[in-house]
Amino acid sequence: MRLSLSCLMKPVLHGYYRSSCSWRVRIAFALKGMEYDQVPVNLVRDGGQQLTTRFKALNPMQQVPAVTIDGFTLSQSLAIIQYIEETRPEPHLLPSEPKTRAQVRMICDIIASGIQPLQNLYVLLKIGEEKIHWGQHFIQRGFEALEPILVQTAGKYCVGNEISMADLCLVPQVYNAERFKVDVTQFPTIKRLNETLLQHEAFKTSHPSCQPDTPDDMPI
């Protein structure tokens, strides 16, 4: 079978070191053993590089991440990860059994739809002075829902004993929780899973502290 030139080129991730959505994709690339290039998009500098006309042409939502892969560009982290999963299936990030696959997707959606968007930079700028309290409230609310679900689904990882897309969503969200000074010790299952996953090489190499655009004086 002949491969097109675009399929032989490395993917390009347009992201930001501290973006939790970008981090999800970096973890997926690392787990799949995929080489990729990064083009940093600073969400703060110059009023936000994601708001430029050039980046809007790449992603009309003006958000990171955006990934150019196999000759086209995708946005939205879960869509990107699922495309990678469907085209590079090993190792699996979605279980084959329907029940556990649904549980993985449920956890992903709780985080990616019900928690993280409420701390999105664009939202926080609209909230203004109350942004820290706002962020704390919605992370706390989300984790109060997520903890009992994970008590039921977790083994070593979020769903059973294999790393899945759910884990790719959990770790960046815990990082956000710590940035917003949420006491994660209230959620022992979330805390345990996060600590376990952070020992995995894919989560280490993709961490915000060691990206090409990580500033030398990176804020916590």
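Residues numbered from 1 in each chain as written. Predicted model: local features only at pLDDT ≥ 70, side-chain atom pairs only at ≥ 80, totals over all residues. Heavy atoms only, no water.

Asker: How do you make sense of helix α5 (residues 98–114) when you look at a structure like this?
Answerer: In an α-helix there are 3.6 residues to a turn, and that puts residues three or four apart on one side. With 17 residues, α5 ought to run about 24 Å at 1.5 Å a step, and its terminal C-alpha atoms sit 23 Å apart, in line with that. Among the residues of α5, those classed as buried are Gln-103, Val-104, Ile-107, Cys-108, Ile-111 and Ala-112. Buried residues of α5, seen end-on, are gathered within an arc of 150° and therefore sit on one face of the element. Seen from the buried face of α5, the exposed residues on the opposite side, beyond 90 degrees, are Pro-98, Lys-99 and Ser-113. Packing partners of the buried residues in α5 comprise α2 (20–32), α4 (77–87), α7 (131–153) and α8 (165–179). For α5, the N-terminal capping position is held by Glu-97, with its side-chain oxygen 3.1 Å away from the main-chain nitrogen of Lys-99. (Helix = DSSP H or I, 4+ residues; strand = E, 2+ residues; numbered from the N terminus. Expected span 1.5 Å × (residues − 1). Buried < 20%, exposed > 50% of the residue type's maximum accessible area, 1.4 Å probe, protein only. Arc of directions from axis to C-beta. Contact = heavy atoms within 4.5 Å. Polar contact = N/O pair within 3.5 Å; in protein donor to acceptor, adjacent residues only side chain to side chain.)

Asker: Please clarify how the layout of surface pockets should be interpreted in this entry.
Answerer: Here the idea is plain: a probe the size of a water molecule rolls over the atoms and shows the empty space left. Size it by volume and the largest pocket reaches roughly 970 Å³. Leu-43, Gln-119, Asn-120, Leu-121 and Tyr-122 are, among the 38 residues lining the largest pocket, the residues nearest its centre. For the lining of the largest pocket, the secondary structure elements donating two or more residues are α2, α4, α5, α6 (121–127), α7 and α8. Of the residues forming the lining of the largest pocket, the biggest block, five residues, is contributed by α6. Looking at side-chain class alone, the lining of the largest pocket contains 18 nonpolar, 16 polar and four charged residues. For the second largest pocket, the calculated volume is near 190 Å³. Lining the second largest pocket we find 13 residues, and of these His-92, Leu-93, Glu-162, Ile-163 and Ser-164 sit closest to its centre. (1 Å grid on protein atoms, 1.4 Å probe; cavity = no way out; pocket = protein on both sides within 12 Å on 5 of 7 lines; lining within 4 Å. Points joined across faces, edges and corners; volume = space filled by probe spheres on them. Nonpolar A, V, L, I, M, F, W, Y, C, P; charged D, E, K, R; others polar.)

Asker: What's the story with unusual backbone geometry in this structure? I'm lost.
Answerer: Working note: non-glycine residues mostly have negative phi, and peptide bonds are mostly trans. Here the amide bond leading from Val-64 into Pro-65 is cis, since omega sits at 5°, within 30 degrees of zero. Along the chain, Pro-65 turns up in the loop between α3 (53–58) and β3 (66–69). The step from Glu-90 to Pro-91 runs through a cis peptide bond, and the omega angle for that step is -10°. Looking at the element boundaries, Pro-91 is found in the loop between α4 and α5. A positive phi angle is found at Asp-46, which is not glycine, with a value near 55°. Here Asp-46 lies in the loop between β2 (37–40) and α3.

Asker: Is there a simple way to explain the UniProt feature "domain: GST C-terminal" (unreviewed entry) in the protein in this structure?
Answerer: Sequence positions flagged by UniProt for "domain: GST C-terminal" (unreviewed entry) are, in local numbering, residues 97–216. Along residues 97–216, the helical share is 64% and the strand share 0%, with 44 Å between the first and last C-alpha atoms. (UniProt positions renumbered as here; feature names shortened; annotations may be inferred.)

Asker: How should the pairing of β2 be read in this particular structure?
Answerer: For a regular strand, side-chain orientation follows a simple rule: the groups alternate between the two sheet faces. Both strand β1 (residues 12–15) and β2 contribute to a ladder of four bridges, which runs parallel. Its bridge partner lying in β2, Val-12 is registered against Asp-37. With α2 bridging β1 and its parallel neighbour β2, the resulting β-α-β unit is right-handed. (Pairing = 2+ DSSP bridges. Right-handed = clockwise from strand over helix to strand, strands pointing away.)

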